Amino acid sequence: MQASLVSSFASFLRAPTPATRARLLDDSVRQRGNIASFVAALAAQIAESAKSDANCFGESARVGELARIHAAASLWLLAEALLLHSAAAHLPSRLLVWLNALDPQPSQAENKALVSDPLPSAHPLFWKYVKKCLLRGHFYAAASMLEKHEFYAAPATSRSAPNTQNVYASLVSLIHAMPKLAHGSTLTQNSKAQLDSSWAQWRRSVSVYKDSARLLAVFGRFEDLEHVAACFGIMAADLNVLSRECLNSGSGGDMEDQEGSKYGWMEALVAYVWYTDPFCLNTGVSSHLELLRSVMDIPVLPENGKLDEDADDHEIFQTAVVALLDLQVDIAVLNLLPQIDFTIATHLVHLLHQLGELDAQEGVDSFIYFSGEDAMKVVEVSTSDKSILSVRDQLLIEYAIKLTTAQEEEEQEEDGEPQMEGKEAPQSNQFVYIAIHYLSHVLETNNGSCLPAKEQLENLLLNRIPFTESNAQFRKLISIARDCGLDSVVKTLRDRYAKSRESQEGREGEAIRHYVLANQIPRANKVAQKLLEGYIKQDDDTSAEKLQVITQMSESIVATSPFLAVLVKLVAFQDFYERKVWNECGAALLELLTRVPTPKWVWARLLADSVLLLESETMVFKVDETFELMRCLEQVVGLWDGKGICKGNSGKGGGMDVDEERIDIEVVRLALSRNLARAMMT
């Protein structure tokens, strides 16, 4: 399955809520359009490749894929006609649409050949075309072609029997007189009854002319009268005529016609419903199907609802059609359709699951089409979780797993073989992200209690996507895990992300933050300590970008690491110092020395920077605060190297010279003594 179709199904799953019948029908039609576009594109690729005699084995596989998707899409359309449309939507018309989408007949080439012929009635395709039009609902096309017949246009002559021209004209007239049912959904009960009466009268007229045409065909001299009789027989829904005309090739038995006869019984059934039961409901199709079994070979549903393993695709398809027409939807959609195309089956089940929920809201048995509740629910039992998981959710989980497998296969193919021309290149992790979307949807619909979906989602988030590609991608993964309640995954992702940022210059602040959020406090402390040491040493790589991340951290994060608390306060101290905001700077200094667990070797640096504060014109430290600074100074005598932290810590204050490189401890003692004296005198 190519990426374009996979993406369209993902969009189909994201359809807005709340669901309504009209919205479900719109979604169904839109998705069928996406499937049809894919089928057309794939058919065009196959046709183009056939011209160049490309890889025969590869093309054979693609032809098989095309046939399976076409068959699966046909089953989707049939389910839509039977289940999604209202009773007033005229089911016979919907069945004609389904049949013509499955097997378009007659072809445009046949029409073109007949129109361009100066004498269409002599063309070997003439009667096949007319009868196909009558079988497929192209009534005006049939009448238009019959009007080109020489017996219809010419007056009675010795070449034609007295009633021959009359029967041709009557055939055309009856086709035009057929009661119109296209807008049956707008009929009132009274007008519907009137139309029903008109339809019965029309059928009686058809039966009369059918008998007349049959007699003329027996005693007449022209072979065309047999075809005319067959046309009346089709319109009269004669079972023998329908069986013969739908199963015979009609024009020499070429291969194309033999392929078309694969759908013969379906064609006969749709025509029979159209001509005999114009107001047929979905519950009435099965009775017509049983009646048709008397003259045609129609598949019978297996007792267990499953076919043998050696059944071919067409046998599976035919059996699924029978099951749908019989409204045994569980057999068709849950057992048979997945054998043809699992993707389409999964999303059709999703659609019908929503329909069942709407039925339940309206007081209707939501499992009426699924042979009871058990057919749509599976009990998932594990040691840690017991939950009832719908079949829809089970299929969505399985589909997500298949997507990741397809991603792996495409990646292996891309690594091992050159890209084939015309083949869609796999996009990095595209299928995996779509699989994550499906698993998230299952968790959301189950209020986060679906263990199988959780396990698969955890595996994808942790093992299938490189989390270091971009910050935006990391935030996306975190958002998914958080929304799905996967706390352990959130912590693991943060831990991995922190490790990747720890080794990158200028990203230590991010590493600290995510270590803390992942509850990896020792690792956060280690990075914070390293950053603090670099900051104290005034390394060039201690950039403003690092410090900005640090200062923007929340108080709860800062409180988890003593080194981080010191670093945050140091940044504030340096900022006040450089701006010469001495009172605030002094308060920060005291907090670093007395309230924050600042290492003693940092005390020495801070006290070296305190000289300008002590000698400033403004009184920064009171008596007790000055005594505290003296006490701290005596504790770091052995660690003193005279270096400060702040840039620009040189200058003159109160007549004292301060060296640019190092400050002697005696200078600090003298500054403290002078400040103490000033404080006592104040």
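Please refer to the structure placed before this passage.
Computed from a predicted model, the values in this text were never measured in an experiment.

J.: Got a sec to walk through the overall build of the protein? Specific residues and values, please.
T.: Within the protein one finds 33 helices and 4 strands. Just so you have it, the protein exposes about 32700 Å², and 51% of that area is on carbon and sulfur atoms.

J.: Tell me about the pattern of salt bridges, and name the residues and values.
T.: Oppositely charged side chains can form a pair if their charged atoms are brought close together. On inspection of all chains with the given rule, the structure shows 21 salt bridges. A salt bridge links E267 to K132; its shortest N-O distance comes to 2.9 Å. With E267 in helix α14 (residues 264-276) and K132 in helix α6 (residues 126-136), this residue pair connects regions lying 135 residues apart in the sequence. A relative accessible area of 2% places E267 in the buried class.

J.: Which residues make up the packing of aromatic side chains, and what values do they have?
T.: Per the counting criterion, the structure on display carries 14 aromatic pairs. Centroid distance Y577 to W582: 5.5 Å. Interplanar angle 90 degrees. Geometry classified as edge-to-face. Per residue, the accessibility class of Y577 equals that of W582, and both read buried. Site record: aromatic cluster; members linked through ring pairs are F139, W199, W202, W274 and Y275. For the cation-ring pair, K476 lies above Y433, with the distance from its terminal atom to the ring centre recorded as 4.1 Å. Looking at K600, its charged tip hangs above the ring of W603, at a distance of 5.0 Å from the centre.

J.: So what about a negative patch on the surface? Which residues, and what values?
T.: On the surface, a cluster of negative charge is contributed by D308, E309, D310, D312 and E315. When you line up the elements, E315 lands in helix α16 (residues 313-325). Assessed through its relative accessible area of 39%, E315 is described here as partly exposed.

J.: With reference to specific residues and values, describe unusual backbone geometry.
T.: The amide bond that connects Q105 to the next residue, P106, takes the cis arrangement and shows omega of -15 degrees. With respect to the helices and strands, the residue P106 is situated in the loop between α4 (91-102) and α5 (108-115). With a phi angle near 55 degrees, N447 is a residue other than glycine that sits in the positive phi range. The backbone phi angle of K580 is positive, close to 55 degrees, even though this residue is not glycine. Structurally, K580 can be placed in the loop between α28 (562-578) and α29 (582-594). Here K580 falls in the exposed class, since its relative accessible area comes to 57%.

J.: Can you explain the nonpolar core? Please cite residues and give values.
T.: If you look at the biggest cluster of nonpolar residues, it comprises 156 residues, and the most contacted ones within it are L134, W265, Y275 and Y438. Sorting elements by how many residues they give to this core places helix α3 (residues 56-84) first, with 14 residues. Residues in contact with Y275, not counting those within four places in the same chain, are L134, F139, M178, W199, W202, R203, I234, M235 and A237. Grouped together as the second largest cluster of nonpolar side chains are 54 residues, L606, L614, F621 and I645 included.

J.: Describe the state of the cysteines, naming the residues involved and giving the relevant values.
T.: Scanning all chains against the criterion turns up 0 disulfides. For C133, which is in no disulfide, the shortest distance to another cysteine sulfur is to C231 and amounts to 9.8 Å. Note on C133: relative accessible area 1%, which makes it buried.

J.: Which residues make up α28, and what are the values?
T.: Along its 17 residues, α28 runs 24 Å from first to last C-alpha, staying within 8% of the 24 Å computed at 1.5 Å per residue. Within the span of α28, buried status applies to L564, V566, L567, L570, V571, F573, Q574 and Y577. At the C-terminal side of α28, K580 shows a positive phi close to 55 degrees.

J.: Give a detailed account of the packing of helix α22 (residues 471-483) against helix α23 (residues 487-502), specifying residues and quantitative values.
T.: Two elements in contact, α22 and α23, have axes whose closest approach is 9 Å; the angle formed by their N-to-C orientations is 165 degrees. Taken together, α22 and α23 sit at an angle that is classed as roughly antiparallel. Note on packing geometry: the crossing formed by α22 with α23 is left-handed. Of the residues in α23, those touching α22 at N471, F474, L477, I478, A481 and R482 are V489, V490, L493, R494, Y497 and R501.

J.: Would you mind going over helix α15 (residues 285-292) in detail, with residue names and values included?
T.: Among all positions of α15, only V285, S286, H288, L289 and L292 are buried. Mapping the buried residues of α15 onto a view down its axis gives an arc of 160 degrees, with all of them on the same face.

About the thresholds
- Residues numbered from 1 in each chain as written.
- Predicted model: local features only at pLDDT ≥ 70, side-chain atom pairs only at ≥ 80, totals over all residues.
- Heavy atoms only, no water.
- Helix = DSSP H or I, 4+ residues; strand = E, 2+ residues; numbered from the N terminus.
- Areas by Shrake-Rupley, 256 points an atom, 1.4 Å probe, with all protein chains shown as cover.
- Salt bridge = Lys/Arg side-chain N within 4 Å of Asp/Glu carboxyl O.
- Buried < 20%, exposed > 50% of the residue type's maximum accessible area, 1.4 Å probe, protein only.
- Phe/Tyr/Trp six-rings, centres within 6.5 Å; stacked < 30°, edge-to-face > 60°.
- Lys NZ or Arg CZ within 6 Å of the ring centre and 35° of its normal.
- Patch = residues over 30% accessible without salt bridge, like charges linked within 9 Å, V, L, I, M, F, W, Y side chains within 5 Å.
- Lys, Arg positive; Asp, Glu negative; His and termini not counted.
- Charge placed at Lys NZ, Arg CZ, Asp CG, Glu CD.
- Core = buried A, V, L, I, M, F, W, Y, C linked by side-chain atoms within 4.5 Å.
- Contact = heavy atoms within 4.5 Å.
- Disulfide = S-S within 2.5 Å.
- Expected span 1.5 Å × (residues − 1).
- Axes fitted to C-alpha atoms, helices over the stretch in contact; angles between N-to-C directions.
- Parallel < 35°, antiparallel > 145°, perpendicular 65-115°, else oblique.
- Left-handed = near helix turned anticlockwise from the far one by under 90°.
- Arc of directions from axis to C-beta.

Purely geometric numbers; function is a separate question.
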